[in-house]
Each structure stands twice: as structure tokens, then as C-alpha cells.
Amino acid sequence: MSQVNSTMLLPVQFFLLGIPGLEDLYLYLAFLFTVIYVTSVLGNFTMLFIIRIDRSLHEPMYYFLCMLSSVDLALSNSTTPKMLGILWMNTHEIYAEACLTQMFFLHSFAIMESALLLAMAFDRYVAICNPLRYTSILTKGLVIVIGVLTFIRAVALMTPLPFLIRRLPFCSTSVIHHSYCEHMAVVKLACADTTFNNVYGLVVALFIVGLDLIFIICSYIMILRAVFSLSSTEARFKALGTCASHICAILSFYIPVVLSSVVHRFGKNVPIHIHILLANVYLMLPPLINPIVYGVRTKQIRNRVKSIICSTNI
């Protein structure tokens, strides 16, 4: 671990503390997180493969699902390998450049995930509220534009972060009280006024989570109004069934975010390992849940998986 004086703008290395207080459980946590990581990677790769080879799945909903799986893969790989290195091999050191790179990517992909959940809410709104105009509204061109804007928004909002960190002087300690390079965990090490960094991080979080979640809720209010205007109970259940997977994806992403934020803001007496575990759940749960939920709930994907398994057994 590098010892630096306060005149340096950035230490050569940071020291990721891991999950303090649970050192005796590291092997158990390492095994659990490895299973989650491998399952997430295999599940999302399977999703991408199935959508790629099955032409009946070349529709807007599955294009968005393909983007979501790609983002989930990137999100998993931005943090989990280093975290597993800490748990399995006690490799806590991380170069400052690698730390800033990890910070940029993990926050960027989290923002992309939020945007894609909003795009998928719009997809479900059009499919249920304007079914006859679905293909004319959600064209391949519009799907591409949404994907590009999702990428641009995330990159534009996160590009300032590394530069904002670089301008800060750091004190003698370079120990990050976390298992990955989260923005605020790094900012806390600076021995200068970090008000601008704090405000920027808070504004971005409120802008992303707040606006995206509000628009998603508005979409589902209109969806529910359209569903309950249907005369047939069977038609209502069928319409709601098409939203079930997306609702699970929304809950698996936003509940850990909100819970982690609430505990961080108000849980002053909550042990630090609880904060860190919640932050890890926030990054590891969506990549695990999304392919499982969509694989189980979506008939076309489920049938394709069955056919692949059967052909393999033969």
C-alpha cells in the first residue's frame, strides 16, 4: 500500500479494504459470489446467443433485452473479478488508473441499465396501449437511436468523474473502505473540500434514478389503465403477464439501489460490512436475475433453450 503526502494529486495505488468485519467468512463469500458471477455470465451469454440465432426473436422487445444482457455482462465484469481476487487471494491493491477506469465503467453501465429498463417500459406501453401501431412506432431505426442515446447519456455523465477525482489532493491514507472503486468511497480519501464532487454525484444519481423511475411508473400507470379497460379477465392477465419479467427486472435493479441509499443516508449505526454487501448486491443481482426471469417467463426463449438441451443430449 502506497504512502503519499498531501501534495500528490493521486496515489500510485489504492488499497481496497474488501468487506471488513467478515474476514472469517471470506471463503464462503468467495464461493457464493463465484457461483453468482459464473451463473450471470453463462445466463447472459445464453440470452445473447438465443436471440442471435432465433429470427423469431428479432423484435424490439428482444433487441432491448439483448442490450440489457450486454450491459449486465459488462457490469459484472467491471467489479466482480477484482472483488473475487480480494476474497480468494487477498489481492487488495489496485493501481489508481485501474481504479478510476473501474469507477467510470461501473457507474456508466449502471446508468445504461436504468435507461434500458425505461426503454423496455416504453416498449411494453406501446405493445399494450397501441398494439396495432407497435411495429410502425418501434422501428429498428428507433431502437438503434435509443441504444445510442443510452450509451451517450451514460458516457457524458460519467466522463467528468475521473477528472474531478484527479484534481483533488489525497492525504496519507489510500485505503478505500469498499470492495470496489465506488465514486464516493474514493472521494472520502481526499484532504480537501469535496463539495463539488459530492453535489455532482448526488445530482447525477437523482437525475438518473429519479427521472427514469418516474417515467417508468408513468408508463405502468398508463399500462394498467389500458389493461383494466379490457372486458375479458383472461385478456387482462395475458397483458399483465407480458410485463411480469420486466417488473422483476425493475425491482431487482431499483430496490437494492434505494435500500442501499436509505441505509447509507440514515443508517449511521449500521456496520460497514452491511453497507458494502448492499452495494455488492446492487451490482450483482440484476445480471443474475434478468436472464433467469426472462428465460423462465418468455415462452420463445424457454422453448429455444429446451430444444438446444434436447439436441445436445441426442
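Conventions and cut-offs
- Residues numbered from 1 in each chain as written.
- Predicted model: local features only at pLDDT ≥ 70, side-chain atom pairs only at ≥ 80, totals over all residues.
- Heavy atoms only, no water.
- Helix = DSSP H or I, 4+ residues; strand = E, 2+ residues; numbered from the N terminus.
- Rg over C-alpha atoms; globule rule 2.2 N^0.38 Å.
- Buried < 20%, exposed > 50% of the residue type's maximum accessible area, 1.4 Å probe, protein only.
- Contact = heavy atoms within 4.5 Å.
- Areas by Shrake-Rupley, 256 points an atom, 1.4 Å probe, with all protein chains shown as cover.
- Lys, Arg positive; Asp, Glu negative; His and termini not counted.
- Charge placed at Lys NZ, Arg CZ, Asp CG, Glu CD.
- Disulfide = S-S within 2.5 Å.
- UniProt positions renumbered as here; feature names shortened; annotations may be inferred.
- Pairing = 2+ DSSP bridges.
- Axes fitted to C-alpha atoms, helices over the stretch in contact; angles between N-to-C directions.
- Parallel < 35°, antiparallel > 145°, perpendicular 65-115°, else oblique.
- Left-handed = near helix turned anticlockwise from the far one by under 90°.
- Nonpolar A, V, L, I, M, F, W, Y, C, P; charged D, E, K, R; others polar.
- Expected span 1.5 Å × (residues − 1).
- Bend = angle between axes of the 7 residues up to and from the residue.

(A) Examining the overall build of the chain more closely. Looking only at helices and strands, the chain has eleven helices and three strands in total. Secondary structure elements of the chain, listed N to C terminal, follow the sequence β-α-α-β-α-α-α-α-β-α-α-α-α-α. The C-alpha atoms of the chain give a radius of gyration of 21 Å, which matches the 20 Å a tight globule of 314 residues would have. Seen through its principal axes, the chain has C-alpha atoms that stretch 70 × 50 × 35 Å. Across the 314 residues that make up the chain, the buried fraction comes to 48%. Sequence separation of at least 24 residues holds for 78% of the intrachain contacts in the chain that already meet a minimum separation of 6. Taken as a whole, the chain presents about 15700 Å² of accessible surface, with 71% of it coming from carbon and sulfur. Between the centroid of the 20 positive side chains of the chain and the centroid of its 13 negative side chains there is a distance of 11 Å.

(B) Quick look at the state of the cysteines. Enumeration over the complete set of coordinates arrives at one disulfide. The residue that forms a disulfide with Cys-99 is Cys-181, at a sulfur-sulfur distance of 2.0 Å. The sign of the S-S torsion, about -120 degrees, decides the handedness of the disulfide formed by Cys-99 and Cys-181: left-handed. In this pair, Cys-99 sits in helix H3 (residues 96-129) while Cys-181 sits in the loop between strand E3 (175-176) and helix H7 (183-187), placing the two residues 82 residues apart along the sequence. Accessibility assignment for this pair places Cys-99 and Cys-181 in one class, buried. Among the cysteines around Cys-243, which has no disulfide bond, Cys-129 carries the closest sulfur, lying 8.9 Å off.

(C) View of the UniProt feature "transmembrane region" (unreviewed entry) in the chain. In this numbering, the UniProt entry assigns the feature "transmembrane region" (unreviewed entry) to residues 25-50, 62-80, 100-122, 142-165, 199-227, 239-260 and 272-296. Along residues 239-260 one finds 100% helix and 0% strand; the C-alpha atoms at either end are 32 Å apart. Along residues 272-296 the backbone is 100% helical and 0% strand, and the end-to-end C-alpha distance reaches 36 Å.

(D) Highlighting the sheet that holds strand E1 (residues 13-16). A sheet is described by the order of its strands in space; here three strands give the open sequence E2-E1-E3, paired in mixed fashion. Since the sheet does not close on itself, it has two edges, and those belong to strand E2 (93-95) and E3, each with one partner. Of the strand pairs in this sheet, E1 and E2 are connected by three bridges, and their pairing is antiparallel. Following the sheet pairing, Phe-15 is matched in E2 by Glu-93.

(E) Summary view of the packing of helix H5 (residues 140-158) against helix H8 (residues 195-228). One way to put it is that H5 packs onto H8 with a least axis distance of 11 Å and a crossing angle of 160 degrees. On the basis of the axis angle, H5 is roughly antiparallel to H8. Here the hand of the crossing between H5 and H8 comes out right-handed. In this structure, H5 contributes Arg-153, Ala-156, Leu-157 and Met-158 to the contact, and H8 contributes Tyr-200, Val-204, Phe-207, Ile-208 and Asp-212. In terms of residue class, the contact of H5 with H8 is built from seven nonpolar, no polar and two charged.

(F) Layout of the environment of Leu-106. Summarising the element assignment, Leu-106 is placed in helix H3. Taking the C-alpha atoms as reference points, Leu-106 and Pro-169, 63 residues apart in sequence, are found 23 Å from one another. The contact partners of Leu-106, leaving out residues within four places of it in the chain, are Leu-75, Ser-78, Thr-79, Tyr-180, Cys-181 and Leu-283.

(G) Geometry of the pairing of E1. Burial along E1 is two-sided: the face carrying Gln-13 and Phe-15 and the face carrying Phe-14 and Leu-16 are both buried. Sheet topology places E1 next to E3; two bridges connect them, and they run parallel. Among the inter-strand pairings, Phe-15 is bridged to a residue of E3, identified as Val-175.

(H) Region of interest: helix H2 (residues 60-89). Taking 1.5 Å of rise per residue, 30 residues should cover 44 Å, and H2 covers 43 Å from first to last C-alpha, within 8% of that figure. Considering bend angle alone, the principal kink of H2 is centred on Thr-80 and spans about 30 degrees; proline Pro-81 follows within four residues of it. A positive phi of about 60 degrees marks Asn-90, the residue just after H2.

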